[in-house]
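Chain and residue survey
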Amino acid sequence: MSAFLELRGAGKVYGGGLMERARNIALEPVSLAFDASRPAITAVVGESGSGKTTLARVLLGLARASQGQVLYQGQDVAQLKRAARRDFRRDVQAVFQDPYGVYNPFYRVDHVLTVPARNFAIAPNAAQRGERIAQALRAVGLRPEEILGRYPHQLSGGQRQRIMVARALLLRPRLIVADEPVSMVDASLRATILASLRRLTDEFGIAILYITHDLATAYQVSDNILVMYRANVVEAGAVEPIVRAPRHPYTRLLISAIPRVSTTRDWSTGETAPPRAMVNTHADTGCRFADRCPAAMDICRRETPTLRLLADRRAVACHLDADAPPLPEGNLAPVLA
Amino acid sequence: MNAPAHAAILRVSRLGVAFDHPLGLVRAVDDVSFSLAPGERFGLAGESGSGKSTMALAILRMIRPPGRIDAGDVFLDGAPLSRLDEEGMRALRLAAIALVPQGSMNSLNPVARIGRQIEDAYADHGLKLTRAESAARIGALLQTVGLPEQVARMYPHELSGGMKQRACIAIAICLSPKVIIADEPTSALDVVVQRQVMETLGRVQQQLGAAIILVGHDLGLMAQFVDRLGIMYAGRLVEVAPIARIITAPRHPYTRALIAALPSLEQRGTLQGIPGLAPLLRDLPPGCAFHPRCPLATERCRAERPAVREMGDGESVACHLA
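1. Remarks on the overall build of chain B
Assigned secondary structure in chain B consists of 10 helices and 12 strands. Since a compact globule built from 322 residues should have a radius of gyration of about 20 Å, the 20 Å found for chain B is in line with a globular shape. Taken along the three principal axes of its C-alpha coordinates, chain B extends 70 × 50 × 40 Å. By residue count, 54% of the 322 residues in chain B fall in the buried class. Sequence-distant contacts in chain B: of pairs separated by 6 or more residues, those separated by 24 or more amount to 65%. Per element, the accessible surface of chain B, about 13,600 Å² overall, is 52% carbon and sulfur. Between the mean site of the 34 positive side-chain charges and the mean site of the 31 negative ones, chain B shows a separation of 1 Å.

Structural data, given as structure tokens:
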């Protein structure tokens, strides 16, 4: 295995501690790996509160795992030495949701590109760094002469978000974690930004973790998908079979909830809105989806389903698939390969 | 559903909104006309900056300086709204035309209970109710939008996004308006909750027999919800047609591009953006505003602005090639 970044049973719990504040499990232990030899786009899909952003923050080292480990080149990221930490910061880049908030309005947009270029010394002199910046901008479909020297307010949200992708690309990382990168831009621009992400994987060999609540765009750009519900991974594997034939009832619900551009009005379901807790505690028993699940059985309320391996390289955590073999060590790496 | 002018509950006629800008006048809404039949669901779609939200505010005469309505009128049940003074407009808002504004779930007063916010709406429109009457009405209202009665005693922060959006719908329908204008009512919600909220909105709209204008950019949502759709580009209504017609045989190249820009669940790798950027309203290209991005543009498109042509059956298009 040549995984450069790995989650080993990494989970995150907020609260608790001395004052015994209410605990909220934001992420149940998850194991997966990113392999530099097979770069792919992996989508993480789920509703608000599903734990998808917590997963991103743990991977980026922005939140420390409260259990398990995050390993970079085999070393725990919480204990990296200075040089290794620097490599980690360079190898794993982030693109965030808000293309407005990340810019300082008083600086030209060049600032977000020249600072990391200098700090990480991507080229020996300013002229060559400038050339690398121009290349990165062209790679995401921007014309450097239309971008450099401008202030953030002079550019559109789509342009600003593509600059953030260019910035991530500039450092030639091995993984980009993109947290809802297109949810704040227009539908017409989404396609362009997602296409530039796709190009990063295909041409530059960069793996991408694409975090979104929009299953349709995930289907369009990703190779793999990971569906999360209330801190748990409920289904994972190659995107095509999962979208074509979703196995977990929650994945089915998500897919059916997408309004389609079609003359058949098949959108309504009659699913009522059940009151549900937004806080996950250890006291919860059973499957967290059971209260909304049309197929819920007695066992679903008693026992938490574990991830099981299905024939088509897919993992699913559902009692309906109780006869499938358990996923070895709960490690998702094989199904996301 | 067609909307012949005589039966229209709401008729927007050649409406124009202009903003004063240091570089000159900016036309945010330019000569827009359409009608709504009672009970009809009309969609208004376009990119950000196309003027769709300004349009929604202009119907309610809620444009603030430096913007102003400088052309046309809006007729409610045949009566022109421009004749009303500010008091008259105030009485009519919510009671006759209700707005669910963009990001409305954040427009709830954070320090007032939901029930109190509905009582305020009643009081503001001169409804004198006893405490018991008011409580009964609010309880029934909350049930209509799928919320438990206890929500009346709760504060906004105690509610989820979907519940807040339902509370906003409850406020919008509390005086049984004839027209509901909903500006991106579900854009902050995830898909499952979006569907539930839209089902609720559709159900209460039918119960009231109100017409609805749904403003948004998600054509999938439009396809599943509205009867007719209007497409806005650079302040103009460039195409109007029944929803089935517009998604199967769009006439305007911009409409076609918008539909192609939607991610499909049927086939991978089909996603394509619209080349170029939406034009700046203060610096519109000559001729058709879409021509720099249009794959079919001709000399005529670069020189002459296409007029809105009626295609019969309440359909219209503004394109030289259609």
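2. So, the interface of chain A and chain B
Opposite the 47 residues of chain A that make contact, chain B presents 43 residues. Interface area lost by chain A to chain B is led by A:Gln220, A:Arg265 and A:Trp267, which between them contribute 21%. The tally of links between chain A and chain B comes to 1 salt bridge. Measuring nitrogen to oxygen at the nearest pair gives 3.1 Å for the salt bridge that ties A:Arg260 to B:Glu266. Applying the counting criterion to the chain A and chain B interface returns 16 residue pairs in polar contact (both at pLDDT 80 or more). Sorting the residues of the side of chain A that touches chain B by element identifies helix H7 (187-204), helix H8 (215-221), helix H9 (239-244) and helix H10 (249-256) of chain A as the ones contributing at least two each. Counting residues per element, the side of chain A that touches chain B draws most heavily on H7(A), at 7 residues. A per-class count over the side of chain A that touches chain B returns 19 nonpolar, 17 polar and 11 charged.

3. With respect to unusual backbone geometry
All names here are of chain B. Of note, the bond from Pro65 into Pro66 is cis; its omega dihedral lies within 30 degrees of zero at 5 degrees. Relative to the elements of secondary structure, Pro66 occurs in the loop between helix H1 (52-59) and strand E4 (67-76). A positive phi angle, close to 50 degrees, is found at Ser176, a residue other than glycine. With respect to the helices and strands, the residue Ser176 is situated in the loop between helix H5 (161-173) and strand E7 (179-183). Phi at Asp313 takes a positive value of approximately 55 degrees, unusual for a residue other than glycine. Position of Asp313 relative to the elements: it lies in the loop between strand E11 (309-312) and strand E12 (315-317). On the accessibility criterion, Asp313 (55% relative accessible area) is exposed.

4. Examining the pairing of strand E3 (residues 41-45) of chain B
All names here are of chain B. Here E3 lies mainly inside the structure; 5 of its 5 residues are buried. A two-sided burial pattern is seen for E3, the buried positions comprising Arg41, Gly43 and Ala45 on one face and Phe42 and Leu44 on the other. Judged from the 4 bridges that link them, E3 and strand E9 (residues 228-233) form a sheet pairing that is parallel. Bridge pairing in E9 links Gly43 to Leu229.

5. With respect to the state of the cysteines
All names here are of chain B. Throughout the structure, instances matching the rule amount to 0 disulfides over all chains. The thiol of Cys174 is unpaired, and the distance to the nearest cysteine sulfur, on Cys168, comes to 12 Å. Classification of Cys174 as buried rests on a relative accessible area of 4%. Note on Cys301: no disulfide assigned, nearest cysteine sulfur contributed by Cys319 at a separation of 6.1 Å.

6. Concerning the nonpolar core
In terms of nonpolar packing, the biggest core is built from 67 residues, with B:Ile118, B:Leu142 and B:Leu229 touching the most fellow members. When residues of this core are assigned to their parent elements, the largest contribution, 7 residues, is made by H5(B). When residues no more than four places from it in sequence are discounted, the contact partners of B:Leu142 are B:Ile114, B:Ile118, B:Leu147, B:Pro148, B:Glu149, B:Val151, B:Ala152 and B:Ala170. Ranked by size, the runner-up nonpolar core spans 66 residues in total, among them A:Val112, A:Ile206, A:Tyr229 and B:Leu271.

7. A look at helix H6 (residues 191-208) of chain B
Quick reminder: α-helices carry 3.6 residues per turn. Residues three or four places apart thus point the same way. Residue and element names in this part refer to chain B. Look at H6: 26 Å from first C-alpha to last across 18 residues, which is about the 26 Å you get at 1.5 Å a residue. The buried fraction of H6 amounts to 13 of the 18 residues, a majority that puts the element mostly inside the structure. Immediately downstream of H6, the backbone of Gly209 shows phi near 70 degrees, a positive value.

8. Here we look at the sheet that holds strand E6 (residues 97-100) of chain B
Residue and element names in this part refer to chain B. Read across the sheet, 8 strands follow the order E6-E7-E8-E3-E9-E10-E12-E11 without closing on themselves; strand pairing throughout is mixed. What marks the edges here is a single partner per strand, and that holds for E6 and E11. Sheet twist, expressed as the mean angle between neighbouring strand axes with direction ignored, is 20 degrees. Note: E11 against E12, 3 bridges, orientation antiparallel. Looking across to E12, one finds that Gly312 is bridged to Glu315. Contacting E3, E6, E7, strand E8 (211-216) and E9, H1 crosses the sheet at an angle of about 150 degrees to E8. Lying on the sheet, H6 is in contact with E3, E7 and E8; it crosses E8 at an angle near 155 degrees.

9. Quick look at the environment of A:Arg301
Residues and elements named next belong to chain A. Within the secondary structure layout, Arg301 lies in helix H11 (residues 298-302). Sequence-wise, Arg301 and Gly46 are 255 residues apart; in three dimensions their C-alpha atoms are separated by 21 Å. Discounting chain neighbours no more than four positions away, the residues touching Arg301 are Thr285, Gly286, Ala290 and Ala296.

10. Remarks on the packing of aromatic side chains
Applying the stated criterion across every chain yields a total of 8 aromatic pairs over all chains. Of the aromatic side chains, those joined through ring pairs into one cluster are A:Tyr229, A:Tyr250 and A:Phe289. A cation over an aromatic ring shows up here: B:Arg41 above the ring of B:Phe225, its NZ or CZ 4.1 Å from the ring centre. In this structure, B:Arg137 packs its charged tip against the face of B:Tyr122, placed 4.9 Å from the ring centre.

11. Things to note about the side chain of A:Arg292
With respect to the helices and strands, the residue A:Arg292 is situated in the loop between H10 and H11. Reaching out from A:Arg292, the side chain makes a polar contact with the side chain of A:Glu47 at a distance of 3.4 Å.

12. Concerning the pattern of salt bridges
All names here are of chain B. Following the criterion strictly, the structure yields 28 salt bridges over all chains and no others. A salt bridge links Glu47 to Arg293; its shortest N-O distance comes to 3.1 Å. On the criterion of sequence distance, the pair formed by Glu47 in the loop between E3 and H1 and Arg293 in the loop between helix H9 (253-260) and helix H10 (299-303) is long-range, its members being 246 residues apart. The pair Glu47 / Arg293 is uniform in exposure class, with both members buried.

Conventions adopted
- Residues numbered from 1 in each chain as written.
- Chains lettered and ligands numbered in written order.
- Predicted model: local features only at pLDDT ≥ 70, side-chain atom pairs only at ≥ 80, totals over all residues.
- Heavy atoms only, no water.
- Helix = DSSP H or I, 4+ residues; strand = E, 2+ residues; numbered from the N terminus.
- Rg over C-alpha atoms; globule rule 2.2 N^0.38 Å.
- Buried < 20%, exposed > 50% of the residue type's maximum accessible area, 1.4 Å probe, protein only.
- Contact = heavy atoms within 4.5 Å.
- Areas by Shrake-Rupley, 256 points an atom, 1.4 Å probe, with all protein chains shown as cover.
- Lys, Arg positive; Asp, Glu negative; His and termini not counted.
- Charge placed at Lys NZ, Arg CZ, Asp CG, Glu CD.
- Buried area = accessible area lost by both parts, 1.4 Å probe.
- Salt bridge = Lys/Arg side-chain N within 4 Å of Asp/Glu carboxyl O.
- Polar contact = N/O pair within 3.5 Å; in protein donor to acceptor, adjacent residues only side chain to side chain.
- Nonpolar A, V, L, I, M, F, W, Y, C, P; charged D, E, K, R; others polar.
- Pairing = 2+ DSSP bridges.
- Disulfide = S-S within 2.5 Å.
- Core = buried A, V, L, I, M, F, W, Y, C linked by side-chain atoms within 4.5 Å.
- Expected span 1.5 Å × (residues − 1).
- Axes fitted to C-alpha atoms, helices over the stretch in contact; angles between N-to-C directions.
- Phe/Tyr/Trp six-rings, centres within 6.5 Å; stacked < 30°, edge-to-face > 60°.
- Lys NZ or Arg CZ within 6 Å of the ring centre and 35° of its normal.

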